[in-house]
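Coordinate inspection notes
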Amino acid sequence: MNMYTLSAKSCMSHLLLKDTFDKFSFIEGEITTFNTFTIDGFLHKEFFDENPERSYSYWKELRDFCFSIIKGKRTPLGFKIILSLAPEHFGNFLDEHQIHTFSPQDITGLYLNFHYDGAVLQCITGISMRTFSMDKTLEKEWDVYVEKFFSKSGIEREI
């Protein structure tokens, strides 16, 4: 688990205006402006004509909605947005990072927890597994991936 202090302007541009995080699953969010808006990313499959195979919305499906809540003359008082690498990408992640001790079914989530308190924007990485393991390889590789992802995407860090 790593904690990054990010440039709010740079990161918010990537979160709300660009497709940088669109393929991530949206787990949940809370945005506080004149009210507190809480959004659960869990899909209600009975709503759909065809049953989606996934359990959560993609960020791209909620990005514009979240932007509509945040945009305006004043910055939000705060927010938290929790994203996860979409489960259909777990296998590729394990293969690309040569992690053979786990299978995609072992992973519950590879998370990015964004938190803004009105002044500072932070992102905390995390993983969740279906079973307990002392092996920290997946956690370390997720942190390496996120570091490279932020750098490659041009998401600036505060010092």
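Everything below is about the structure shown above.
Figured I'd write up the structure that's included with this text. (Residues numbered from 1 in each chain as written. Predicted model: local features only at pLDDT ≥ 70, side-chain atom pairs only at ≥ 80, totals over all residues. Heavy atoms only, no water.)

**Here we look at the overall build of the protein**
Summing up its helical and strand segments, the protein has four helices and seven strands in all. Helices and strands in the protein line up, N terminus first, as β-α-β-β-β-α-β-α-β-β-α. Relative to a compact globule of 159 residues, whose C-alpha radius of gyration would be 15 Å, the protein shows 16 Å and is just as compact. Expressed as lengths along the three principal axes of its C-alpha atoms, the size of the protein is roughly 50 × 45 × 25 Å. Among the 159 residues that make up the protein, the fraction classed as buried is 42%. Sequence separation of at least 24 residues holds for 68% of the intrachain contacts in the protein that already meet a minimum separation of 6. Within the structure as shown, the protein displays about 9700 Å² of accessible surface, and the carbon and sulfur contribution to it stands at 52%. (Helix = DSSP H or I, 4+ residues; strand = E, 2+ residues; numbered from the N terminus. Rg over C-alpha atoms; globule rule 2.2 N^0.38 Å. Buried < 20%, exposed > 50% of the residue type's maximum accessible area, 1.4 Å probe, protein only. Contact = heavy atoms within 4.5 Å. Areas by Shrake-Rupley, 256 points an atom, 1.4 Å probe, with all protein chains shown as cover.)

**A look at the pattern of salt bridges**
All chains considered together, the criterion is met by three salt bridges. Salt-bridge contacts for Glu61 lead to Arg54; the nearest nitrogen and oxygen are separated by 2.8 Å. The class of Arg54 is partly exposed, set by a relative accessible area of 22%. Where Arg157 meets Glu147, a salt bridge forms, and the shortest distance between an N and an O atom there is 2.8 Å. (Salt bridge = Lys/Arg side-chain N within 4 Å of Asp/Glu carboxyl O.)

**Digging into the pairing of strand E1 (residues 3-6)**
Side chains Tyr4 and Leu6 of E1 all project onto a buried face; the interleaved residues Met3 and Thr5 project onto a face where none is buried. Pairing between E1 and strand E7 (residues 121-129): four bridges, direction antiparallel. From the neighbouring strand, Tyr4 faces E7, where its bridge partner is Cys123. (Pairing = 2+ DSSP bridges.)

**Considering helix H4 (residues 137-153)**
With 17 residues, H4 extends 24 Å between its outermost C-alpha atoms, agreeing within 8% with the 24 Å of an ideal straight helix rising 1.5 Å per residue. By the burial criterion, the buried members of H4 are Leu138, Trp142, Asp143, Val146, Phe149 and Phe150. Projected down its long axis, H4 shows its buried positions confined to an angular sector of 140°, all on one face. Among the exposed residues of H4, those oriented more than 90 degrees off its buried face are Lys140, Lys148, Ser151 and Lys152. Check the buried side of H4 and you find it contacts E1, strand E2 (24-32), strand E5 (78-85), helix H3 (90-96), strand E6 (107-116) and E7. (Expected span 1.5 Å × (residues − 1). Arc of directions from axis to C-beta.)

**A few points about helix H2 (residues 59-70)**
Compared with the 16 Å implied by 1.5 Å per residue over twelve residues, the 15 Å span of H2 between its first and last C-alpha is a close match. Within H2, the full set of buried residues consists of Trp59, Leu62, Arg63, Cys66, Ile69 and Ile70. Projection of H2 onto a plane perpendicular to its axis shows the buried side chains occupying an angular sector of 130°, all on one side. Buried residues along H2 sit in contact with helix H1 (8-17), E2, strand E3 (36-40), strand E4 (57-58) and E5. Once H2 finishes, Gly72 follows within two positions and takes phi at roughly 145°, a positive value.

**Observations concerning the environment of Glu28**
Looking at where Glu28 falls in the secondary structure, it is placed in strand E2. With 54 residues separating them along the chain, Glu28 and Ile82 place their C-alpha atoms 5.4 Å apart. Not counting residues up to four positions away in its chain, the partners in contact with Glu28 are Ile39, Gly41, Lys80, Ile81 and Ile82.

**Looking at the side chain of Ser57**
Mapping Ser57 onto the fold places it in strand E4. Excluding its chain neighbours within four sequence positions, the residues that come into contact with Ser57 are Phe24, Ser25, Phe26, Gly41, Leu43 and Leu62.

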